[in-house]
Amino acid sequence: MITNMGGPTRPRRDFGRALSTAAGGARRLDWVLISAVLALGGIGSLLVWSATLPGDGSSPLESTDQLVRHLAHLGVALVACLLLASMDYRTVRAYVPIVYLLTVVGLILVITPLGAVINGSRGWIVVGGFQFQPSELAKVGLVLALATLLGEPRDGETRPMTRDVLFALLVLVVPLVLVVFQPDLGTSLVLVAIFLGVLALSKAPVIWVASMLASGAVAVFAVLWFDLLEPYQVQRIATLMDPAADPQGAGYNSAQALIAVGSGGFDGTGLFQGEQTHGRFVPEQHTDFIFTVAGEELGFVGAAAIIILFVVVLWRILRIAQGCELPYPRLLCVGTAAWFGFQGFVNIGMGLGLLPVTGLPLPFVSYGGTAILANMLAVGLVLGVNSRDRGFEF
């Protein structure tokens with residue numbers, strides 16, 4: 001009797017090789033970065049749960065709709081993050097023009113009948129019960145586009161030249177103008193921060209970096225001198241200068257945020273126990289003002305933990321950028337760090353009354369499906385760079 005010994009052995013070897021490859025891929029992922037992101041997402045889920053309770057004294061277990069929806073957003077975003085991390089960033093690079101074009105198309109669609117005004121900004125696409133915010137994904141598209149333009153010098157060149165910087169500026173201006181007209185001042189500032197961060201570390205001519213910074217200063221001066229701000233924006237700046245000037249009007253948000261954070265003390269009132277939070281004194285507390293919930297219910301300890309975790313995220317992203325030999329993946333990481341760093345700084349500063357109210361959510365913590373997806377996609381890009389730039393292939 002002849003027995004074929006090779007048949008069953010080969011599938012076992014192939015399966016073992018697949019397991020070894022998957023294990024190698026898992027080892028190449030930056031687990032410190034992933035752990036910090038997941039910790040922020042976990043804390044954010046608890047804060048969103050508390051912030052969306054009805055405030056009538058009922059048990060938290062009786063009101064979990066927003067929590068379940070938030071966890072679903074996190075789950076979908078995490079899967080998308082890991083899928084993107086498993087891709088070669090050079091493959092992603094091939095689709096950058098399509099991604100950028102789709103983000104611009106999305107921003108254009110918000111001014112069509114598909115667009116809807118939510119919280120004073122026409123920045124949403126609403127189809128049935130589905131809501132989508134294209135400006136969040138525009139951040140991902142801009143990071144990819146700028147890294148491509150400024151991170152891949154032409155043959156014979158070692159750094160971006162004037163034509164590259166001008167083209168990058170055009171790539172910024174298109175989504176920036178569309179976002180400004182929504183109007184969404186917060187997101188427009190994030191787009192500018194991404195551009196400046198990538199430009200500054202792209203080895204572009206110093207004259208261009210200095211010119212962009214000078215242009216920004218001139219633009220701010222012109223806006224103030226020619227009174228180009230909307231009345232509500234003027235009120236927000238005036239409130240920052242003197243929060244007590246109109247505590248029941250323009251300064252209401254900032255005043256209530258400070259009360260909520262201050263009432264938490266060192267160790268907080270306890271989760272689900274915040275009187276300011278459950279009394280709905282702070283507006284948009286599950287999105288823009290999520291940090292005030294942490295300040296009240298988790299106190300200084302909890303708020304500091306969020307800041308520390310956020311710093312860890314930025315540190316790991318910049319560490320990955322430092323280890324990149326090629327400019328394109330390095331600028332991907334730099335653009336992501338500029339985005340998260342600026343947006344986190346503004347959101348926390350807003351919650352502490354140090355900066356004007358801009359409507360920016362806290363990355364990984366605030367409620368918001370599109371924002372969470374965009375944040376996790378950016379992390380996926382960084383994780384993909386960390387794996388591939390060290391020579392690993394799935």
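The following refers to the structure shown. All of these numbers come straight from a predicted model, not from anything done at the bench. (Residues numbered from 1 in each chain as written. Predicted model: local features only at pLDDT ≥ 70, side-chain atom pairs only at ≥ 80, totals over all residues. Heavy atoms only, no water.)

The next point concerns the packing of helix 2 (residues 31-51) against helix 14 (residues 299-322). For any two helices packed against each other, the geometry comes down to the angle between their axes and how far apart the axes lie. Where helix 2 meets helix 14, the closest approach of the two axes is 9 Å, and the angle between their N-to-C directions is 150°. Compared by their axis directions, helix 2 and helix 14 come out roughly antiparallel. Here helix 2 and helix 14 pass one another in a crossing that is left-handed. Residues Val32, Leu33, Ala36, Val37, Ala39, Leu40, Ile43 and Leu47 of helix 2 lie in contact with helix 14, whose contacting residues are Ile306, Leu309, Phe310, Val312, Val313, Trp315, Arg316, Ile317 and Ile320. (Axes fitted to C-alpha atoms, helices over the stretch in contact; angles between N-to-C directions. Helix = DSSP H or I, 4+ residues; strand = E, 2+ residues; numbered from the N terminus. Parallel < 35°, antiparallel > 145°, perpendicular 65-115°, else oblique. Left-handed = near helix turned anticlockwise from the far one by under 90°. Contact = heavy atoms within 4.5 Å.)

Turning our eyes to something else, we now look at the sheet that holds strand 2 (residues 121-127). Strand order in this open sheet of 3 strands is 1-2-3, and the pairing throughout is antiparallel. Here the strands that pair on one side only, and so sit at the sheet edges, are strand 1 (115-118) and strand 3 (130-132). Sheet twist, expressed as the average angle between the axes of neighbouring strands with direction ignored, equals 45°. Here strand 1 pairs with strand 2 via 3 bridges, running antiparallel. What sits directly across from alanine 116, in strand 2, is tryptophan 124. (Pairing = 2+ DSSP bridges.)

This part is about the packing of aromatic side chains. Evaluated as defined, the whole model comprises 5 aromatic pairs. With a centroid separation of 6.0 Å and 45° between ring planes, the pair formed by tyrosine 89 and tyrosine 328 is classed as tilted. With tyrosine 89 in helix 4 (residues 89-94) and tyrosine 328 in helix 15 (residues 327-351), this residue pair connects regions lying 239 residues apart in the sequence. Taken together, a centroid distance of 5.1 Å and an interplanar angle of 70° make the contact between phenylalanine 340 and phenylalanine 364 edge-to-face. Taken together, the positions of phenylalanine 340 in helix 15 and phenylalanine 364 in the loop between helix 15 and helix 16 (369-388) put the pair 24 residues apart, joining distant regions of the chain. Both residues of the pair, phenylalanine 340 and phenylalanine 364, belong to the buried class. Following the ring pairs from residue to residue traces out a cluster consisting of Trp339, Phe340 and Phe364. (Phe/Tyr/Trp six-rings, centres within 6.5 Å; stacked < 30°, edge-to-face > 60°. Buried < 20%, exposed > 50% of the residue type's maximum accessible area, 1.4 Å probe, protein only.)

Our focus in this paragraph is empty space enclosed by the protein. If a probe the size of a water molecule is rolled over the atoms, the empty space left behind becomes visible. According to the stated counting rule, one finds 1 cavity of 30 Å³ or more in the structure shown. Roughly 40 Å³ of volume is contained in the largest cavity. In this structure, the largest cavity is lined by Ile34, Val37, Leu38, Leu78, Cys81, Leu82, Met376, Val379 and Leu383. Among the elements of the structure, helix 2, helix 3 (65-85) and helix 16 are those that each provide at least two residues to the lining of the largest cavity. For the lining of the largest cavity, the residue count by class is 9 nonpolar, no polar and no charged. (1 Å grid on protein atoms, 1.4 Å probe; cavity = no way out; pocket = protein on both sides within 12 Å on 5 of 7 lines; lining within 4 Å. Points joined across faces, edges and corners; volume = space filled by probe spheres on them. Nonpolar A, V, L, I, M, F, W, Y, C, P; charged D, E, K, R; others polar.)

With that settled, the discussion passes to helix 7 (residues 162-180). The end-to-end C-alpha separation of helix 7 is 26 Å, in line with the 27 Å expected for 19 residues at 1.5 Å each. Restricting attention to buried positions, one finds in helix 7 the residues Asp164, Val165, Ala168, Val171, Leu172, Pro175, Leu176 and Val179. (Expected span 1.5 Å × (residues − 1).)

This next bit is on the environment of valine 379. Relative to the elements of secondary structure, valine 379 occurs in helix 16. Judged by relative accessible area, valine 379 falls into the buried class, the value being 2%. Along the sequence, valine 379 and leucine 33 sit 346 residues apart, while their C-alpha atoms lie 8.6 Å from each other. In this structure, valine 379 is in contact with Leu33, Val37, Cys81, Phe340 and Phe364, ignoring residues within four places of it in sequence.

This is a description of form; function is not addressed.
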